[in-house]
Amino acid sequence: MVEARTTHAGLSPDRVTFEITETQLSSNPIAFLELVSRLRLKGFELSIDDFGTGQSTLEQLRRLPFTELKVDATFMQGALHDPLSKAILESCVDVARRLELHVVAEGIETQECMSLARDLGCDHGQGYFISRPLSFADLPAWLQDWDARLSKHEATG
């Protein structure tokens, strides 16, 4: 069904990413593994959400065909003031790189967080500094505002 709807919408499966949360990982492991494996074989992307908390472990990265790792916001925000949180964040990014996964830093709430995510080599960021959730209709105005903010930041250093 997912493949048919994606094709009908004119999208390539590699443009669709499914976020997997830890509750989904622990429900029915055999059926879950079969489902995510089939999605990957069809070309869909898989992201492990809130990595570093709860049951999201290195074993999950080894066992399941993820393409993206989303580092939990608590590590991102804690890394600004806590050396231990920063070490954990750096380790998560390093593990993802070694496994050839894309890295998304959650919890980008300030320019300082955004700069840290860039410095660490995160591929993407997610958080209120970038945008609050918005409708598709609001996307063009947000993009114009975002471009203006980036230009202003680049001009000031």
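Before any of the text, the structure's been laid out above.
This text gives an overview of the structure that appears in the document. (Residues numbered from 1 in each chain as written. Predicted model: local features only at pLDDT ≥ 70, side-chain atom pairs only at ≥ 80, totals over all residues. Heavy atoms only, no water.)

**Quick notes on helix α6 (residues 83-98)**
The terminal C-alpha atoms of α6, which comprises 16 residues, lie 22 Å apart, in line with the 22 Å expected from a rise of 1.5 Å per residue. Residues of α6 that are buried include every one of Ser85, Leu89, Cys92, Val93 and Ala96, and no others. Buried residues of α6, seen end-on, are gathered within an arc of 95° and therefore sit on one face of the element. Opposite the packed face of α6, turned more than 90 degrees from it, sit the exposed residues Pro83, Leu84 and Arg98. For α6, the elements touching its buried residues are β2 (45-51), β3 (68-71), α5 (73-78), β4 (102-106) and α7 (111-120). (Helix = DSSP H or I, 4+ residues; strand = E, 2+ residues; numbered from the N terminus. Expected span 1.5 Å × (residues − 1). Buried < 20%, exposed > 50% of the residue type's maximum accessible area, 1.4 Å probe, protein only. Arc of directions from axis to C-beta. Contact = heavy atoms within 4.5 Å.)

**What to know about α7**
Inspection of α7 places Cys113, Met114, Leu116, Ala117 and Leu120 among the buried residues, and these make up the whole buried set. Seen along its axis, α7 keeps its buried residues to an arc of 160°; they face one direction. Looking one or two residues past α7, Gly121 carries a phi angle of roughly 90°, positive in sign.

**Remarks on the pattern of salt bridges**
Under the defined criterion, the tally for this structure stands at eight salt bridges. Measuring nitrogen to oxygen at the nearest pair gives 3.3 Å for the salt bridge that ties Glu3 to Lys42. Remark: Lys42 occurs in the loop between α3 (29-41) and β2 and Glu3 occurs in helix α1 (residues 2-8); sequence separation between them is 39 residues. Exposure remark for Lys42: the relative accessible area of 46% places this residue in the partly exposed category. For the salt bridge of Glu106 with Lys70, the shortest nitrogen-to-oxygen distance reads 3.6 Å. Of the two residues, Glu106 sits in strand β4 while Lys70 sits in strand β3, which places them 36 residues apart along the sequence. Note on accessibility: Glu106 and Lys70 belong to one class, buried. (Salt bridge = Lys/Arg side-chain N within 4 Å of Asp/Glu carboxyl O.)

**Describing the nonpolar core**
Soluble globular proteins tend to bury their nonpolar side chains together. Phe66, Leu69, Met76, Leu89 and Ile108 are the most contacted members of the largest nonpolar core, which totals 34 residues. Of all the elements in the fold, those that place two or more residues in this core are α3, β2, β3, α5, α6, β4 and α7. When residues of this core are assigned to their parent elements, the largest contribution, five residues, is made by α7. Leaving out residues up to four positions away in the same chain, Leu69 has contacts with Ile48, Phe51, Leu61, Ala96, Leu101, His102, Val103 and Val104. (Core = buried A, V, L, I, M, F, W, Y, C linked by side-chain atoms within 4.5 Å.)

In short, geometric facts, not functional conclusions.
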